[in-house]
Amino acid sequence: MRAMILGLAGLTALAACSPQPAAQPENTQSKQEKQEKSIVPDIEKRLAQFAPVRMDADLSSLTEQDRQVLSKLAEASRYLDEIYLRQTWAGNPALKQEMAAWQGAQAEAARGYFAINVGPWDRIDERKPFIGDTVRPKGAGFYPEDMTKEEMEAWLKKNPGDNDAFTSTFTVIRRQGDKLVAVPYHQEYAQWLQPAAQALREAAALTGNASLKKFLELRAKAFLDDDYYDSDVAWMDLKDAAVEPTIGPYETYEDDLFGYKASYESFLTVALPKESATLARYKERLPFLERNLPIPDEHKNLNRGTESPIFVGDVVLTAGDASAGVTTLAYNLPNDERVREAKGSKKVLMRNTIRAKYDKILVPIAERVLTPEQVKDVTFQAYFDEVLHHELSHGLGPGFITLNGKKVDLRLAHKDLYSTVEEAKADVMGVYNILALLERNEMPAEERKALEPTYVAGLFRSARFGVDEAHGQGVVSQFNYLMEKGALQVDSNGRFRSVPEKFPEALKSLLHDILMLQATGDYEGTKKFLDKYGKATPALRDAIARLQDVPVDIRPQFDVK
């Protein structure tokens, strides 16, 4: 309903070669709705940046009962697709419906690229529109499009009793006359959450795994009351389930206004128990890794739960935020700091996705941007371990901090900068922790030589998602800081090499600076850090320009529907 009210204002007229909307009866189509929409002329090229990959997964171990559970979980996931479509922008449903009738040379590519981006804004080109010219609302679909950051802050100053509801992860902000109001997710998205919850209850009734049954029942309840704590704990306690789902509202990346609001997503994975068991030893090292962080003990999170299971699986379906833009390799959840304090967090690695990105993207990148002698040092094992320790690092370091005498979640203190800095922290800390484990002979010595070149190639992979937008600043900052310290060098051919004798100390210094910005909740200091280090150099831009023939990312094709 709101999508039709908001419409598609601001989109420009369509060029002659662009798709033509199907004719509709005059009395049901407004003049605005009949307007044609412009499409960027290179839409086919943009779509080609995402290489289609069939995501193979071995389902032979699944029983018929497991397959029925998987089918019900896929059903629930499809409802989350509908919610996320609206969370990214209220105008998306109307535009998607209109695009379905478009014809012409660019129509299919436009639909394909819309599906990747879940909207008309290019996620790897600073969120610029590729359909029309409407500027993306910073608050996505979570806030009124005309509401500014200052307006909400002024409202909360006058109405401090609204603060908890307005900053909640699970509310949207709407106008009610001249008032701003917070609407709980379970009310705003009831049309899809209610049947999704029913599908979860039906999956729970089908499974023979007690821990999965408990999680699904509690998550179904959370869909209807927005209280996710108990189901997050139950997700942490999942054990021996052949099919493991991650389903619910988690990441706040979509909210560029405040960074408060969570988007719905779903990952459905088939367990690889042998691979998970091999990595289980790392969770026992978390207390050591926390103590080893290069910051004063007063800022370390020494009392956080360390249960932290590590799960390896093959992904068989994604939905919602998990299907938008760049494909996720791995993740570390839940984000609720209360659960992390009590239980730790779970690290999930999707083996088939990691392998696909390594083969199709990371190796070709390394061949084009690293010096020849370091290209041969890049390995899949080092890449896999860096992904793992990136995710482990999300569960280390500051969580709740003291700010102005109050205990607050770091996510709220760093607001819109939180995701940028947290992802950079995890990149840097992951490598720092591997170095620490190598020094203790707890990882194979041969990985030392592969560690830094693989990390640098991985930074280039991430940098291609946009060096001029907020999240890209975190990646660029790593390049520039390490260059400043002499840990990275560029040769006369514009190729990068790590400097092993300087790299560990430079990395330690960078991690210290990032962690202290987090530990003190220093929002203004974080902005200054990103302003100083977050601007791409000509050498970095030139290296990225040499990657034109390498896919930016994969476009997963799943057999489970």
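This write-up is about the structure you can find in this document. Please read all numbers here as calculations on a predicted model, not as lab measurements. (Residues numbered from 1 in each chain as written. Predicted model: local features only at pLDDT ≥ 70, side-chain atom pairs only at ≥ 80, totals over all residues. Heavy atoms only, no water.)

On to unusual backbone geometry, then. Going from Leu333 to Pro334, the amide bond is cis rather than trans, its omega being 0 degrees. With respect to the element layout, Pro334 can be found in the loop between β9 (330-333) and α15 (337-343). Non-glycine residue Glu126 carries a positive phi angle of around 60 degrees. Examined against the element boundaries, Glu126 turns out to sit in the loop between β2 (121-122) and β3 (128-129). (Helix = DSSP H or I, 4+ residues; strand = E, 2+ residues; numbered from the N terminus.)

This brings us to the packing of helix α23 (residues 503-519) against helix α24 (residues 523-533). In the contact formed by α23 and α24, the axes pass within 9 Å of each other and the chain directions differ by 145 degrees. Judged by residue contacts, Leu510, Asp513, Ile514 and Leu517 of α23 engage Gly525, Thr526 and Phe529 from α24. Each residue belonging to the contact of α23 with α24 can be placed in one class, and the counts come to four nonpolar, two polar and one charged. (Axes fitted to C-alpha atoms, helices over the stretch in contact; angles between N-to-C directions. Contact = heavy atoms within 4.5 Å. Nonpolar A, V, L, I, M, F, W, Y, C, P; charged D, E, K, R; others polar.)

Attention now moves to empty space enclosed by the protein. According to the stated counting rule, one finds four cavities of 30 Å³ or more in the structure shown. Of the volumes computed, that of the largest cavity is approximately 110 Å³. Along its surface, the largest cavity is lined by 14 residues, and Glu337, Arg340, Pro398, Gly399 and Tyr418 are the ones closest to its centre. Secondary structure elements with two or more residues in the lining of the largest cavity: α15, α19 (410-414) and α20 (418-439). By residue class, the composition of the lining of the largest cavity is four nonpolar, three polar and seven charged. For the second largest cavity, the calculated volume is near 70 Å³. Elements represented by at least two residues in the lining of the second largest cavity include exactly α20, α22 (470-484), α23 and α24. (1 Å grid on protein atoms, 1.4 Å probe; cavity = no way out; pocket = protein on both sides within 12 Å on 5 of 7 lines; lining within 4 Å. Points joined across faces, edges and corners; volume = space filled by probe spheres on them.)

Within helix α7 (residues 149-158) the residues assigned to the buried category are Lys149, Met152, Trp155 and Leu156. Here the buried residues of α7 occupy an arc of 130 degrees about the axis, which is enough to place them on one side. α7 presents Glu150, Lys157 and Lys158 as exposed residues on the side facing more than 90 degrees away from its buried surface. Residues of α7 that are buried make contact with α8 (163-166), β4 (171-176), β5 (179-184) and α24. (Buried < 20%, exposed > 50% of the residue type's maximum accessible area, 1.4 Å probe, protein only. Arc of directions from axis to C-beta.)

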